[in-house]
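Structural description and commentary
Spelled out, the chains give:
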Amino acid sequence: MIKNRDTRLTVWLLIPVVLVLIAYVLYPSLRTFIESLQKDGTISLGNYQDFFVQESKTNLEALWNSVYISFLSVLVSALIGIPLAFIFNRYDFPGRSFFSSAAILPIVLPSLVGVMAFMFLYGESGLIPNAIKDLFGLDKVPFKIGGVPGILIVHAYTMYVYFYMTVSAAINKIDPSLEEAAYNLGANKLKVFWKVTFPLLTPAIVAASLLVFMISMASFSAPFLLAGGYRVLSLQIYFSKINGDMEIAATQSVILSIVSISFLLFMRWYQNRKDYRMASKGIGAHRSEVKNPVMKWAMVLTGIIGVIILLLPHFTILLLSLVPDGTWTFQTYPTVFNMENYRLLFEDPNIFKPLRNSLLMAFIATLANLVFGVIASYVLVKRKFVGKSFVDILVMIPWALPATVIGMNLIFAFNEPSIFSFGQILVGTFWILPLAYFIRHIPLVVRSTNAVLEQLDDSIEEAARNLGAKWFYTFRRVIFPIIMPGVLSGTLLAFIESVGEFPTSVLLYTISNRPISIEIMNQLRMFNMGQAAAYGMIQITLIVIVLFISNKFFGIKAEKAL
């Protein structure tokens, strides 16, 4: 009887999960693939042949550039993040705690806002190049960011955090006795690191490398604003779409998807070649005090300089948000500062509308992520059924697909009525963006919920059920309160990402539902830097508020939420 009841429960929970994944993950991807096979009204591989053999080689160049920048981004981010993780987790010196917390500052800077800040700081008309020019009486600015170096600088600033956080967590789990044993056997520091420490850090490094590579392949904001004529595949998809070459856009989307998913599979294969688990159960890693006064204060000075560099983009956005429209034109530096941009933002309905749209669409998408993510995670972790691996793959597909690809998938799937859109055309309506945000962030909630559900003892649920409680009551009163911190960490991240989402928004928005990221671009095009920066500060403030609430009331620190 109990077995039949559990089977029915599994089926009832599984049906909506599978329907949602098929309707909004699998079906749109298949529609894009089918569209890529359309050539002059017939089904063929002609578009793929054009992609690889066309005389201009623009698509191949864009593909190579995307892969090239992604590998370089992984390398540069690792060279920054891994040493910082070792310094802050292995050594103790004045200000270490503050510096280690400040190292995650880039996470509160949305991608588009971050690129905008770097343009204002280090671009041709940026504050720092012009300050150096005026200080030394130069004829022209000594440097400016742009092209590949500009993209890499932005990627390094925003992505080293992934290496820093994942490697820090791994270092704190290493049993010090393993390294001490190697030292006692005569190994030097280099050999201990290479033979003992590095293998134990491999899963964390691989995970961070995978994440940075995927984000770099999908990067849109930095190439869009800094690349100039430099081609990357995510931009090629956008340009094909606005030029009406939908078959080419579909082909480019499929190619980009294949590359991203292939790298995901390769890195997982590499990670699973060996067993990296520790056999011992020792205490956590300990920090050694830096006793050399020269080295100690050199580290403190370096930390102070690092914090200043990390805070400059945030300070720049804040400063520019106080510059009223029309007061910074031919001048090298802004000279007028007031709260006019914020007053207009909250008093002018047209200026406030993008903020309202973003908050509303992010709330709808995140609420759907919360409900779907919890149910999907429970089914995957606590229930047994045929095809579990397939469902798990479908859940993770949106994480592997670049945002531009997801946007194109939705265009091809819902630019005409279908059973999954309830007979309606969704493209060009308000609902297409919340749907895109929901799909994009499914894995965030599912993965964070999986982590806590896997640690939940099955006997807790069984005890409640044996005492006569129905499943829904047990889940609501027993299971959900226990797993809530993990659920909220993914949910809060999904909300933050939805508010600042740019690549899918630029493909799918309409004038009536334009979000805050699109309005930032519009203000930049009109050279209204102050209003664009004010929108950016609103995004940063929202992120800080969400992180504060999650830490203050739910005990979720930024390192775990992001």
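Position numbers for residues count from 1 along each chain, tracking the sequence in the order it is written. Local features in this predicted model are restricted to residues whose pLDDT is 70 or higher, and side-chain atom pairs enter the listing and the counts only when it is 80 or higher, whereas totals over whole chains, interfaces and linings include all residues. Each side-chain value is derived from all of the structure's non-hydrogen atoms; neither hydrogens nor water enter the calculation.

**Some thoughts on the confidence of the model for the protein chain**
On a scale of 0 to 100, pLDDT captures the predictor's confidence in every residue. A residue-level look at the protein chain finds 93% of positions with pLDDT of 70 or above and a mean pLDDT of 83. Secondary structure elements are taken from DSSP: a helix is a run of H or I of four residues or more, a strand is a run of E of two residues or more, and numbering for both begins at the N terminus. Averaged pLDDT values for the elements of the protein chain fall to 50 in helix 25 (residues 558-561) and rise to 94 in helix 18 (residues 432-440).

**Thoughts on the pattern of salt bridges**
One side-chain nitrogen of Lys or Arg within 4 Å of one carboxyl oxygen of Asp or Glu is enough to make a salt bridge. Within the structure shown, the criterion is met by seven salt bridges. Ionic pairing is found between aspartate 50 and lysine 39, a salt bridge with its closest N-O pair at 2.6 Å. Within this pair, whereas aspartate 50 is found in helix 2 (residues 46-53), its partner lysine 39 is found in strand 1 (residues 38-39), the two being separated by 11 residues in sequence. Relative accessible area decides the class of each residue, using a 1.4 Å probe on protein chains only: under 20% of the type maximum gives buried, over 50% gives exposed, and in between gives partly exposed. Accessibility expressed as a relative area gives 28% for aspartate 50, which makes it partly exposed. Lysine 39 gets classed as partly exposed once you look at its relative accessible area, which sits at 24%. Linking glutamate 340 and arginine 343 is a salt bridge whose minimum nitrogen-to-oxygen distance equals 2.6 Å. Here glutamate 340 pairs with arginine 343, and both are found in helix 14 (residues 340-347), just three residues apart, close to one helical turn. Several salt bridges share partner residues, and in doing so they unite Glu340, Arg343 and Glu347 into one network.

**Topic: the environment of valine 379**
Take valine 379: it is sitting in helix 15 (residues 349-382). Put simply, valine 379 and leucine 301 are 78 residues apart on the chain and 51 Å apart in space, counted from C-alpha to C-alpha. Contacts were defined at the residue level, with two residues in contact if any of their heavy atoms lie within 4.5 Å. Beyond its immediate stretch of four places on either side in the chain, valine 379 contacts Leu13, Leu14, Phe385 and Lys388.

**Thoughts on a nonpolar patch on the surface**
On the surface, Val11, Trp12, Ile15 and Leu19 cluster together into a nonpolar patch covering about 430 Å² of accessible area. Note that valine 11 resides in helix 1 (residues 2-36). For patch building, the residue pool is restricted to those with more than 30% relative accessible area and no salt bridge; the joining distance is 9 Å between like charges and 5 Å between nonpolar side chains (Val, Leu, Ile, Met, Phe, Trp, Tyr). All accessible-area figures derive from a Shrake-Rupley calculation using a 1.4 Å probe, and residue coverage is judged against the displayed protein chains alone.

**As for the packing of aromatic side chains**
In summary, the pairing rule links any two rings of Phe, Tyr or Trp, Trp by its six-membered ring, whose centres are within 6.5 Å, and it sorts them by plane angle into stacked for under 30 degrees, edge-to-face for over 60 and tilted for everything else. One pass over the structure, following the stated rule, counts 21 aromatic pairs. Judged by centre distance (5.9 Å) and plane angle (45 degrees), the ring pair of tyrosine 24 and phenylalanine 414 falls under tilted. Here the residue tyrosine 24 occupies a position in helix 1, and phenylalanine 414 occupies one in helix 17 (residues 403-414), the gap between them amounting to 390 residues. For the pair tyrosine 24 and phenylalanine 414, a shared accessibility class is recorded, and that class is buried. Note on phenylalanine 220 and phenylalanine 224: the rings are 5.3 Å apart at their centroids and 20 degrees apart in plane angle, and the pair reads as stacked.

**Structural notes on the environment of leucine 310**
With respect to the helices and strands, the residue leucine 310 is situated in helix 13 (residues 293-321). A relative accessible area of 11% places leucine 310 in the buried class. Beyond its immediate sequence surroundings of up to four residues, leucine 310 is in contact with Ala102, Ala103, Leu105, Pro106, Tyr157 and Tyr160.

**Regarding the layout of surface pockets**
The gaps of empty space that remain are located by a probe, the size of a water molecule, rolled over the atoms. As a volume, the second largest pocket reaches approximately 630 Å³. Counting residues per element, the ones that place at least two in the lining of the second largest pocket are helix 5 (111-122), helix 10 (221-226), helix 23 (516-525) and helix 24 (529-554). Its residues assigned to classes, the lining of the second largest pocket comprises 14 nonpolar, 11 polar and three charged. Points on a 1 Å grid over protein atoms alone make up a cavity when a 1.4 Å probe fits among them but cannot get out, and a pocket when they form an open set with protein on both sides within 12 Å along at least five of seven lines; lining residues each have an atom within 4 Å of a point. Grid points are joined across faces, edges and corners, and a volume is the space filled by probe spheres set on the points. Here the nonpolar group is Ala, Val, Leu, Ile, Met, Phe, Trp, Tyr, Cys and Pro; Asp, Glu, Lys and Arg are the charged ones; every other residue, Gly included, is treated as polar.

**Some remarks on unusual backbone geometry**
Positive phi, normally seen in glycine, also occurs at phenylalanine 422, with a value near 55 degrees. Mapped onto the elements, phenylalanine 422 comes out in the loop between helix 17 and helix 18. The exposure class assigned to phenylalanine 422 is exposed, which follows from its relative accessible area of 70%. With a phi close to 60 degrees, phenylalanine 527 is a non-glycine residue in the positive phi region. The residue phenylalanine 527 is located in the loop between helix 23 and helix 24 in this model. The class of phenylalanine 527 is exposed, set by a relative accessible area of 64%.

**Here we look at the side chain of glutamine 252**
Note on placement: glutamine 252 falls in helix 12 (residues 246-271). Under the relative-accessibility criterion, glutamine 252 is labelled buried at 1%. Setting aside chain neighbours within four positions, we find glutamine 252 in contact with Phe51, Asn59, Leu233, Gln236, Ile237 and Ser240.

**Observations regarding the side chain of serine 73**
Relative to the helices and strands, serine 73 is located in helix 3 (residues 58-90). Nitrogen and oxygen atoms within 3.5 Å of one another constitute a polar contact, given that in protein one can donate a hydrogen and the other can accept it, and given that sequence-neighbouring residues count only through two side-chain atoms. Reaching out from serine 73, the side chain makes a polar contact with the backbone oxygen of isoleucine 69 at a distance of 2.7 Å.

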